[in-house]
Amino acid sequence: MTKKILLNSLLFIVILVASALMLLPKMLDKSMNPVSEHAPFVVSKEAQALHNTLIVGDWHADSALWNRDLKKTYDYGHADIPRLQAGNVALQMFTTVTKSPSGQNYDSNETGANDNITALAIVQRWPIKTWSSLFERAMYQANKIKDLEKRDPENFMLIESQYDLGIFLLKRVNNPKMVGGLIGTEGSHALDGNLDNVERLYENSFRMMSLQHFFDNKLGGSLHGTSGAGLTEFGRQAIDEMQRLDIIIDVSHSSENVVKDVLSISNQPLVISHTGFNGYCKSPRNISDSLMIEIAEKGGLIGVGFWDAAVCDNTPRSVAEAIIYGIGLIGAEHVALGSDFDGTITPGFDTSELVAITHELLELGLGKEEIRKVMGENMLSFLQDNLPKT
Ligand SMILES: [Zn+2]
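Positions within a chain are numbered from 1, following the residues in the order the chain's sequence is written. Side-chain atom pairs in this predicted model are given and counted only at pLDDT of 80 or more, local residue features only at pLDDT of at least 70, and totals for whole chains, interfaces and linings cover all residues.

Participant: Could you give me a rundown of the overall build of the protein chain, with the residues and numbers involved?
Facilitator: The helix and strand inventory of the protein chain stands at 15 helices and 9 strands. We take the radius of gyration over the C-alpha atoms and set the globule estimate at 2.2 Å times the residue count to the 0.38 power. Computed over the C-alpha atoms, the radius of gyration of the protein chain is 21 Å, within 12% of the 21 Å expected from 2.2 N^0.38 for a compact globule of 390 residues. Overall, the C-alpha framework of the protein chain stretches about 80 × 55 × 40 Å when taken along its three principal axes. The burial label depends on the number of other C-beta atoms within 10 Å of a residue's C-beta. Counts of 20 or more mean buried, 12 or fewer mean exposed, and intermediate counts mean partly exposed, with C-beta atoms placed from the backbone. Residues classed as buried in the protein chain amount to 49% of the 390 residues present. Summarising the internal contacts of the protein chain: among those between residues at least 6 apart in sequence, 73% fall at separations of at least 24. Strands are runs of DSSP state E lasting at least 2 residues, helices are runs of H or I lasting at least 4, and numbering of each runs from the N terminus. Here, residues touch in the contact sense if the C-beta positions derived from the backbone fall within 7 Å of one another.

In structure tokens form, the structure reads like this:
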């Protein structure tokens, strides 16, 4: 009898622990990717009509990091295919996060700090090979995006080339809800220190790579690391290899010295996929305006983020003001959107509500042609110029 009670209690505990583990990924996602409570945004008819005609593009979302099925819609997190469609988003760059130091902050992070993504990979029951390899983590997240095209071809197309982009735009004539997705990295520690992995990532559909994330890595210093160092020899070789393959280089999170070094050796324009402008919002997350000008002068594009450390608030108004500041600084041809949705930030809106930015840009007096450019046409033409041809 006693033995039976003991066994039942044990079984009860096992079931309890197992269900807690099953619920944990959703709880983490929900608590780490909230949206600020807000009343529905008031949007003018003019803004809605204009927004419906835009090609909207966003350079940065970490949605593949979480266990949500992006084919379905959720009442938590920031982006999935149905919500991208509701926001009239045409082009979405999905970035893959592979390492994040415990105690992550914008000022100073040790390269050797414990990594949060290892625990997240285990809790989310990712394949065991992702527990120890950053490269495998990037591949696993990329495969989710590639798989989306197979499971949801009516609504989603993966874009890997200028040719694909042409096909996508044709498909969108008959199916204006079609979303085009691209794949990038958040930091090149995803190479696991091996240059050959640049080509392996390329072969697995990666078309943009950022160099650093929150800590200094083998390629050079992070804006939030400890060294402030520029590019290393390995970093230079990695950039040569990326540019040989027509992989777009993203200098988000890179130290100012890395940005300067990349500008001096790059033969292609750069992207900052998610950032703000220091002249609008002074923040350790943003590099200096003078470097932004240099990036723009070489044909680069700056994606304006939707969260407080980038634009000092998280409202559509603050994003619109940062965009208008950026236009004044570097010109309307060089400003774009870089949400950082699902990147453990707290935006004031999710991707289904992007019309609120169009509304605020109009309210602030920006012309319709400029709105078209910053909301997505600049991203489209950058991709038309810089993706591999086929
Ligand atoms: Zn980031």
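Having seen it, we continue.
Participant: Help me get a handle on the domain arrangement of the protein chain, residues and values and all.
Facilitator: Residue ranges for the domains originate in an automatic or database domain assignment. For the protein chain, the domain assignment lists domain 1 (1-31) and domain 2 (44-386). Its C-alpha centre places domain 1 at a distance of 38 Å from the equivalent point of domain 2. At the junction of the two partners, domain 1 supplies 5 residues and domain 2 supplies 7 residues. Taken together, the residues of the side of domain 1 that touches domain 2 sort by class into 3 nonpolar, no polar and 2 charged. Residues were grouped as follows: Ala, Val, Leu, Ile, Met, Phe, Trp, Tyr, Cys and Pro as nonpolar; Asp, Glu, Lys and Arg as charged; and all remaining residues, including Gly, as polar.

Participant: Now, about the nonpolar core: what can you tell me, with residues and values included?
Facilitator: By size, the foremost hydrophobic cluster in this structure holds 100 residues, and its most contacted members are Ile302 and Ile323. Here Ile302 is in contact with Ile272, Thr275, Met292, Ile295, Gly326, Ile330, His334, Val335 and Ala336, once residues within four sequence places are set aside. For this analysis, nonpolar core means a set of buried Ala, Val, Leu, Ile, Met, Phe, Trp, Tyr and Cys residues linked through C-beta atoms within 7 Å.

Participant: Quick rundown of the packing of helix H13 (residues 316-330) against helix H14 (residues 355-363)? Include the residues and the values.
Facilitator: Their axes nearest at 8 Å, the elements H13 and H14 cross at an angle of 55 degrees. One way to sum up the angle between H13 and H14 is to call them oblique. Of the two elements, H13 crosses H14, and the hand of that crossing is right-handed. Here H13 contributes Pro316, Arg317, Val319, Ala320 and Ile323 to the contact with H14, which in turn contributes Ala356, Ile357, His359, Glu360 and Leu361. Here the residues of the contact of H13 with H14 sort into 7 nonpolar, 1 polar and 2 charged. Fitted lines through C-alpha atoms give the axes, limited to the stretch in contact for helices. The angle between two N-to-C directions lies from 0 to 180 degrees. Relative orientations are named as follows: roughly parallel for angles under 35 degrees, roughly antiparallel for angles over 145 degrees, roughly perpendicular for angles from 65 to 115 degrees, and oblique for any other angle. Throughout, a crossing is termed right-handed when the near helix is turned clockwise from the far one, and left-handed when it is turned anticlockwise from it by less than a right angle.

Participant: Now, about the pairing of strand E1 (residues 56-61): what can you tell me, with residues and values included?
Facilitator: Across the 6 residues that make up E1, a large majority, 6, are buried. When DSSP finds two or more bridges between two strands, those strands count as paired. Bridging between E1 and strand E2 (residues 89-97) involves 4 bridges; their strand directions are parallel. Looking at the pairing, Asp58 lines up with Gln92 of E2. Regarding the hand of the β-α-β motif, the stretch spanning E1, helix H3 (residues 81-86) and E2 is right-handed. With the strands aimed away from the viewer, a crossover counts as right-handed if its path from the first strand over the helix to the second runs clockwise.

Participant: Describe helix H6 (residues 134-151), and please don't skip the residues or the numbers.
Facilitator: The span expected for a helix works out to 1.5 Å for each residue beyond the first. With 18 residues, H6 extends 26 Å between its outermost C-alpha atoms, agreeing within 8% with the 26 Å of an ideal straight helix rising 1.5 Å per residue. When H6 is considered as a whole, its buried residues turn out to be Leu134, Phe135, Arg137, Ala138, Met139, Tyr140, Gln141, Ala142, Ile145 and Leu148.

Participant: Describe in detail helix H9 (residues 233-244), supporting the description with residues and values.
Facilitator: With 12 residues, H9 ought to run about 16 Å at 1.5 Å a step, and its terminal C-alpha atoms sit 17 Å apart, in line with that. Here H9 has its buried residues at Gly235, Ala238, Ile239 and Met242. Buried residues of H9, viewed axially, fall in a sector of 100 degrees; they line one side. Those residues of H9 that are exposed and aimed more than 90 degrees away from the buried face are Glu233 and Arg244. Against helix H8 (196-203), strand E5 (206-210), strand E6 (248-250) and helix H10 (256-265) lie the buried residues of H9. The arc under discussion is defined with respect to the helix axis, by the directions toward the C-beta atoms.

Participant: Requested: an account of the environment of Asn52, with residues and values cited.
Facilitator: With respect to the helices and strands, the residue Asn52 is situated in helix H2 (residues 45-52). C-beta crowding within 10 Å serves as the criterion here: with 11 such atoms nearby, Asn52 is assigned to the exposed category. Once the C-alpha coordinates of Asn52 and Met242 are considered, the two residues, 190 residues apart in sequence, prove to be 35 Å apart.

Participant: Describe the pairing of strand E8 (residues 301-304), and please don't skip the residues or the numbers.
Facilitator: Side-chain alternation along E8 places Leu301 and Gly303 on one buried face and Ile302 and Val304 on a second face that is also buried. Where strand E7 (residues 271-275) and E8 come together, 3 bridges link them in parallel fashion. Bridge pairing in E8 places Val271 opposite Leu301. For the crossover that starts at E7, traverses helix H11 (residues 289-297) and ends in the parallel E8, the hand is right-handed. Examined bridge by bridge, E8 and strand E9 (residues 335-337) share 3 bridges and lie parallel to one another. Residue pairing in the sheet places Gly303 in a bridge with Ala336 of E9.

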